[in-house]
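# Structure at a glance
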Amino acid sequence: MAGTRPDIGEPVKRAVRQRCGFGCVVCGIPLYEYDHIIDWAQTHQHVADEITLLCDQHHREKTNGLLPRSVVGDANAAPFNLRAGASAPYNLHYSGEQCESAVGSNQVTSSTAADCAAVLVDGVPLVAFRFEDGHYLLNVMLFDEQNELVLRILDNELVYVPTPWDIEFVGTRLIIRSAARNIFIDIKFEPPARVVLDRGRLLLNGVELIIRPDYLLLVNNRGLFRENTAVNVPVTFNLGVDGRDVPSAVRCPAIPRYGVNREEALAWARENVGLSGDDLLSDGPS
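Below, the structure is looked at part by part. Values in this document were obtained by computation on a predicted structure and should not be read as measured data. (Residues numbered from 1 in each chain as written. Predicted model: local features only at pLDDT ≥ 70, side-chain atom pairs only at ≥ 80, totals over all residues. Heavy atoms only, no water.)

## Considerations on the overall build of the chain
Counting its secondary structure elements, the chain contains six helices and 20 strands. Here the C-alpha radius of gyration of the chain, 21 Å, is about what a compact globule of 286 residues would show, namely 19 Å. Projecting the C-alpha coordinates of the chain onto the three principal axes gives extents of approximately 65 × 50 × 35 Å. Counting across all 286 residues of the chain, residues that qualify as buried make up 47%. When the accessible area of the chain is evaluated, it comes to approximately 13,200 Å², of which 51% is carbon and sulfur surface. Where the 26 positive side-chain charges of the chain centre and where its 37 negative ones centre are 3 Å apart. (Helix = DSSP H or I, 4+ residues; strand = E, 2+ residues; numbered from the N terminus. Rg over C-alpha atoms; globule rule 2.2 N^0.38 Å. Buried < 20%, exposed > 50% of the residue type's maximum accessible area, 1.4 Å probe, protein only. Areas by Shrake-Rupley, 256 points an atom, 1.4 Å probe, with all protein chains shown as cover. Lys, Arg positive; Asp, Glu negative; His and termini not counted. Charge placed at Lys NZ, Arg CZ, Asp CG, Glu CD.)

So, in structure tokens, the structure goes:
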């Protein structure tokens, strides 16, 4: 229809996200909308430098004239997350007496009123639920190759650093990309009880796990896990050093680190999983 406002293109959206630190430029919350600093009615164009990120509240305040354009302009010039070095905390709504995790095609459920870890590396819970005051709270820790935290969910409170190539939070899905066509993590939140890690990588202390919808690959020793189900087990995948005697569905204490020939491991996985090319690491469309 003539005069219809076109959608903002994905490359423009990504450029805006990168410039704005992947959150509302005013308050840093990771739930945001794309706002034309100068109204669309005046510009009739989608240009990254003329668009910013605002949370729903600040977007409505700007639209209603309660938030001065000068304040938005100043925040756009110095976004909250880039100044703070991390996003403002956002509370996820996990609760209840049962929890569920999906890591690739591996399913973990618990209703024992006790802590439950889907993935534990060197005693550090990378994907877990903690039980407190009668309900489960989500905990996730994502590290990069240098063991620097990229994302942390601590008892439902989500915070990430604005350093990755791209972070996109749409609906219930959070995607962090380390480069074009390269997903670092793809998480779907399904409160009040379920979290899904559909694809990506889990890293810590030289241990690398690659997640794809139909499997979980431990690169270090070529461990391939598919369609496993754990019910009411304290730890499902317990990898590396853990001095506690914790019941675990899968226990791999001896894992080679850092000197692993990664390309050989990925070639082995491609052959056994039936993939070709860079499918193990590629996102697909950027």
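## Side note on the environment of Pro-191
Relative to the helices and strands, Pro-191 resides in the loop between β13 (182–190) and β14 (194–204). For Pro-191 and Thr-172, which are 19 residues apart along the polypeptide, the C-alpha to C-alpha distance reads 9.1 Å. Ignoring any residue separated from it by four or fewer positions in sequence, one finds Pro-191 in contact with His-93 and Tyr-94. (Contact = heavy atoms within 4.5 Å.)

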